[in-house]
Amino acid sequence: MQIKLLATDLDGTLLSSGKPVSEKNIAAAQAAAKAGTIVTIATGRMYRAALPVAEALGLDVPIITYNGALIKSTSGKIYYQKFMDEEICRQVTDFCAQRGWYLQTYSGEELYYSDYNEFSRRYEHSQKVSGESLGYEKLREHVSDMYKMLIITDSPDVTQAWMAELTAEFGESITLTQSAPDFIEIISPGVSKASALAKLADIMGFDMQETMAIGDANNDLPLLQAAGFSVAMGNAADNIKAVTDAVTCNCVDDGWAQAVYKYILNK
């Protein structure tokens, strides 16, 4: 079946760490578009951090951002958005404040920090965005239009322990996911890259069997499992590779472009 909609993760998939989109990946994206496939981004990034990457591809396409909480095109058209419950946001903020956990929030297109530290600096550098340090009290006042909250930890072991605490406290009132071992990303129940792909496919009149997804991280798992055809990057963990239909080469070796040419363009 022809692939009509391709959803790709960014970091570790389309993008190598700290680098722009490679010329080979840009050429592959444009070749796929010319062949009739819509190439969309599906990322945990905020919209304004994902937009420059989409623009680098030279395509006006819908972008799935905040792990599925917002679908918005490069030209600014909003296809879908889902905000977190404001009271839950305040409760999560208080929970983090009581424990001294570093917290980032995404209210509208604004980025806020509980405090500005090495986590903030590293995040700004990798995402090419800047935010504002407010403190926990003022974070409680900025909970409208909240797409996502993000806790950053010192290690993967700490991440798993804190996720268990959050699950015990908030249960099904939030969804937890990870795009990196030290990230705890908090979004609304039912929100995921997979649900966003299904919404976008429905809007465009495509069957899910006509979709393809490429990714490398745990927050890509639902997306990879939902798509009609799925590809894991060579640099993905074994649990990611285990659920996909195919595995391509590493991100640094332009494995993304190789997957597009092989599975979409049949070259």
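Residues numbered from 1 in each chain as written. Predicted model: local features only at pLDDT ≥ 70, side-chain atom pairs only at ≥ 80, totals over all residues. Heavy atoms only, no water.

### Looking at the nonpolar core
Leu6, Tyr66, Ile214, Trp256, Val260 and Ile264 are the most contacted members of the largest nonpolar core, which has 51 residues in total. Once you skip the residues sitting within four places of it in the chain, Ile264 turns out to touch Ile3, Leu6, Ala32, Thr37, Met212 and Ala259. In this structure, Met84, Met149, Ile184 and Ile186 belong to the second largest nonpolar core, which totals 22 residues. (Core = buried A, V, L, I, M, F, W, Y, C linked by side-chain atoms within 4.5 Å. Buried < 20%, exposed > 50% of the residue type's maximum accessible area, 1.4 Å probe, protein only. Contact = heavy atoms within 4.5 Å.)

### Let's talk about the pattern of salt bridges
Under the criterion given, the structure shown has ten salt bridges. Of the charged contacts, one joins Arg45 and Asp11 as a salt bridge, the two residues approaching to 2.7 Å between their closest N and O atoms. Separated by 34 residues along the polypeptide, Arg45 in the loop between strand E2 (38-42) and helix H2 (47-56) and Asp11 in the loop between strand E1 (5-8) and helix H1 (23-34) bring together distant segments of the chain. Residue classification places Arg45 among the buried residues on the basis of a relative accessible area of 7%. For Asp11, a relative accessible area of 34% gives the class partly exposed. For Glu185, the salt bridge identified is with Lys148, shortest N-O distance 3.1 Å. Note that Glu185 is positioned in strand E11 (residues 183-187) and Lys148 in strand E9 (residues 146-152), a separation of 37 residues in sequence. Judged by its relative accessible area of 2%, Lys148 falls in the buried class. Because the salt bridges share partners, they merge into one network encompassing Asp9, Lys193 and Asp220. (Salt bridge = Lys/Arg side-chain N within 4 Å of Asp/Glu carboxyl O. Helix = DSSP H or I, 4+ residues; strand = E, 2+ residues; numbered from the N terminus.)

### Here's the deal with the packing of helix H3 (residues 86-99) against helix H6 (residues 156-170)
At their nearest, the axes of H3 and H6 sit 12 Å apart, and the two run at 135° to each other. Looking at the two axes, H3 sits oblique to H6. The interaxial crossing formed by H3 with H6 has right-handed handedness. Touching Gln91, Val92, Phe95 and Arg99 of H3 are Glu165, Leu166, Glu169 and Phe170, all from H6. Here the contact of H3 with H6 is composed, by residue class, of four nonpolar, one polar and three charged. (Axes fitted to C-alpha atoms, helices over the stretch in contact; angles between N-to-C directions. Parallel < 35°, antiparallel > 145°, perpendicular 65-115°, else oblique. Left-handed = near helix turned anticlockwise from the far one by under 90°. Nonpolar A, V, L, I, M, F, W, Y, C, P; charged D, E, K, R; others polar.)

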